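Examining the three-dimensional arrangement
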Amino acid sequence: MNRSERLGDKWKIWSERLTGWMTPKAVALILVVSYAVSLIPLLWIGWYNYPSADDYSIGSNCRQEWVASHNLFSVIWKGIERAAEDWMDWMGYFTSNYLMAVPPNVFGERFYVLTTWIMLGMLSFSTIYLFHAIFVKLFQADPYVSLSAALLVLFASVQCMCPAGRVEAFYWYSGAANYILVHSMSLFFYGLLISAVFDRGKKRVWDVAAACFLGFLTGGGNQMTALNVAVVLLASAGMILWQKGWKKNKVLWIPMACFYIGFLLNVAAPGNWVRAEGADGMNPVKAVLVSFYECLDRMMGEWTTWPVIVIMIALAALVWHMAGQISFDFPCPLLAVAFGFCLASAMATPPVFAVGNMEAGRLQALAFLMYVLVLALCVGYVTGWAKKRQSAGSGSSGGGRRFSPEGRYCLLGCAALLVFGTVLVVVPEPHYYTFSSAMTDIRNGSAKAYGKALEKRAELYHSGLEGVIEVEPLPSQPVLLYFSDIKEDVHDWENEGLCRFYGLEGVVVKEKK
């Protein structure tokens, strides 16, 4: 054995010691811990979170019902009544109307802390469930690879979210309930449809029943999500019919019908026409073209940051490993990517059509979540196609329970680059990530001062004072927590909404000296 061969053997030994521990299970465990730790600052700062704007005005009916009766069922019914009124007089998304009518602060200001837990919990579990349905039930792949892929997508979705959308996605209940909760419901809905095809017996009955319920509610949710789901289901039905698989997949027709019933009730609501009066929208053709531009410029240009790219490379390494173990051939990758581009673009169509833009933070947050999900699925699909072509050329599937050496080094390199890059960027840009933004607001004291000020205001609202109550201006506006505040004008809509919520005569912010 010559010297080069001995060096090669030594390198293999050291390489195995360095990366040999990287099994799918070990990688999944590390990602679970990393993701959970990254959420701690987000949940911590949520302790200082208080309601604002629509949390008071839309939640006032249920709040007054709770104060009068302390009956949970009466509150639920009052929320249904409010949703029905809004369906007739303001907006057709009856599911969102109900969710916004019953914010946590109805039962007390401190219950508002649950907002962040609810949004992050629903988004996390729905994403993990959907990936499990796709990877494990559809492709029969390793569940640990499925979990790892879902966690990578979640890290990109939550921690790399566009700054404009973070407050309204995770800390302002009225915006998050309308968009993030309904988006999460749609992911559960997709997962249940896939599960219904592959499960048997009582599990299938549960899948279909749950899919019918969630499908109807998703159809009645915000129109960005509802339109997206309508497009996906229509495309899926077309593929099933084209492949003459309608008998095999007949279990899907009832949940699909339930969704479209909810969707039709949503778009045909009388309230839509009321709200549309005076809106500065676009004609349908222009709205579609502008939506494609939004996807190219805002989503692909502005939101595809370097951490998102690194995460997608790591995801590709996982799918490369998975594709060697499954029989699916990933046909027509260009068609799949084109459909993904149209799907991401469609997120912008409803707001562009209705109001001419998608500048609101909650709209950007929802579009970002959908873009990251579609990007991940497209990257995974193209990677799977490439793996199948490579395997066909080499005559070997390349599958196995362990990652290949190249795959292990790719994952390790992505992790090292992400850690090193993060250390570099958070120093000059402390609000670069969602978790770093939370840590910054906690460390500099702005979150605590904000929470204390709103706590004192709440004490005044409950004090029984008569007349117009004057409150001090907020001492700080934390980047992650602050959405809006009442004004110095007693007749401002936010001031009047807060008065209806607490049963006050009037409230104003003192003039700044």
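The coordinates are above.
It should be emphasised that the depicted structure is a prediction, and the values quoted were computed from it without experimental measurement.

Looking only at helices and strands, the chain features 23 helices and two strands. Here the C-alpha radius of gyration of the chain, 25 Å, is about what a compact globule of 513 residues would show, namely 24 Å. Dimensions of the chain along its principal axes, counting C-alpha atoms only, are 95 × 55 × 45 Å. Burial status across the chain gives 53% buried among its 513 residues. Relative to all contacts within the chain whose residues are 6 or more apart in sequence, the contacts with residues 24 or more apart total 80%. Counting every atom, the chain has about 24,200 Å² of accessible surface; 67% of that belongs to carbon and sulfur. A distance of 17 Å separates the average location of the 40 positive side-chain charges in the chain from that of its 38 negative side-chain charges.

On to the packing of helix α4 (residues 60–69) against helix α23 (residues 493–502). As a packed pair, α4 and α23 sit with axes 7 Å apart at the nearest point and diverge in direction by 20 degrees. As the angle between them shows, α4 and α23 are arranged roughly parallel. Here S60, R63 and Q64 of α4 lie close against α23, whose contacting residues are G497, R500, F501 and Y502. For the contact of α4 with α23, the per-class residue count stands at two nonpolar, three polar and two charged.

Right, let's talk about the pairing of strand β1 (residues 468–471) for a bit. With burial as the criterion, only one face of β1 is covered, namely that bearing I469 and V471; the residues V468 and E470 on the opposite face remain uncovered. Between the parallel elements β1 and strand β2 (residues 506–509), the chain passes through α23 in a crossover that is right-handed.

Next up on the list: unusual backbone geometry. In this structure, A53 is a non-glycine residue whose phi angle is positive, near 50 degrees. Here A53 lies in the loop between α2 (24–45) and α3 (54–57). At F330, a position not held by glycine, the phi torsion is positive, near 55 degrees. Summarising the element assignment, F330 is placed in the loop between α16 (306–323) and α17 (333–346). Look at F330 and you get buried, because its relative accessible area is 3%.

Let us now look at the environment of V208. Looking at the secondary structure, you find V208 in helix α11 (residues 202–219). Here the alpha-carbon distance between V208 and T422, two residues 214 residues apart in the chain, equals 43 Å. Leave out the neighbours within four places in its chain, and V208 touches A196, V251 and P255.

Now for the side chain of S174. Its place among the elements puts S174 in helix α10 (residues 173–198). Residue S174 is classed as buried on the basis of its relative accessible area, which comes to 2%.

Here we come to α23. Counting buried residues in α23 gives seven out of 10 residues, a clear majority hidden from the surface. Restricting attention to buried positions, one finds in α23 the residues E494, N495, G497, L498, C499, F501 and Y502. Tucked inside the fold, the buried residues of α23 contact α3, α4, α22 (446–461) and β2. One side-chain oxygen at the N-terminal end of α23 lies 3.0 Å from the backbone nitrogen of E494; it belongs to D492. Residue G503 follows α23 closely and has a positive phi angle near 75 degrees.

Further remarks concern the environment of G175. Along the chain, G175 turns up in helix α10. Among the residues examined, G175 registers a relative accessible area of 2% and is labelled buried. Taking C-alpha positions, G175 is 23 Å from K448, a pair spaced 273 residues apart along the chain. Once you skip the residues sitting within four places of it in the chain, G175 turns out to touch E168, I180 and R362.

Take the packing of aromatic side chains next. A full pass over the atoms with the stated rule returns 23 aromatic pairs. Residues F330 and Y381 carry aromatic rings whose centres are separated by 5.3 Å and whose planes lie at 85 degrees to one another, so their mutual orientation is edge-to-face. Taken together, the residues F330 in the loop between α16 and α17 and Y381 in helix α19 (residues 361–394) connect sequence positions 51 residues apart. Look at Y432 and Y433: their rings are 5.1 Å apart centre to centre, the planes differ by 75 degrees, and that puts the pair in the edge-to-face class. You'll find Y432 and Y433 in the same group, each marked buried.

Attention now goes to helix α13 (residues 253–267). With 15 residues, α13 extends 21 Å from end C-alpha to end C-alpha; this agrees with the ideal 21 Å at 1.5 Å per step. Along α13, the positions that sit buried rather than exposed are P255, M256, F259, G262, F263 and N266. For α13, the buried positions fall inside an angular range of 125 degrees around the axis, keeping them on one side. Facing away from the buried surface of α13 by more than 90 degrees, the exposed residues are I254 and L264.

Rules and cut-offs
- Residues numbered from 1 in each chain as written.
- Predicted model: local features only at pLDDT ≥ 70, side-chain atom pairs only at ≥ 80, totals over all residues.
- Heavy atoms only, no water.
- Helix = DSSP H or I, 4+ residues; strand = E, 2+ residues; numbered from the N terminus.
- Rg over C-alpha atoms; globule rule 2.2 N^0.38 Å.
- Buried < 20%, exposed > 50% of the residue type's maximum accessible area, 1.4 Å probe, protein only.
- Contact = heavy atoms within 4.5 Å.
- Areas by Shrake-Rupley, 256 points an atom, 1.4 Å probe, with all protein chains shown as cover.
- Lys, Arg positive; Asp, Glu negative; His and termini not counted.
- Charge placed at Lys NZ, Arg CZ, Asp CG, Glu CD.
- Axes fitted to C-alpha atoms, helices over the stretch in contact; angles between N-to-C directions.
- Parallel < 35°, antiparallel > 145°, perpendicular 65-115°, else oblique.
- Nonpolar A, V, L, I, M, F, W, Y, C, P; charged D, E, K, R; others polar.
- Right-handed = clockwise from strand over helix to strand, strands pointing away.
- Polar contact = N/O pair within 3.5 Å; in protein donor to acceptor, adjacent residues only side chain to side chain.
- Phe/Tyr/Trp six-rings, centres within 6.5 Å; stacked < 30°, edge-to-face > 60°.
- Expected span 1.5 Å × (residues − 1).
- Arc of directions from axis to C-beta.

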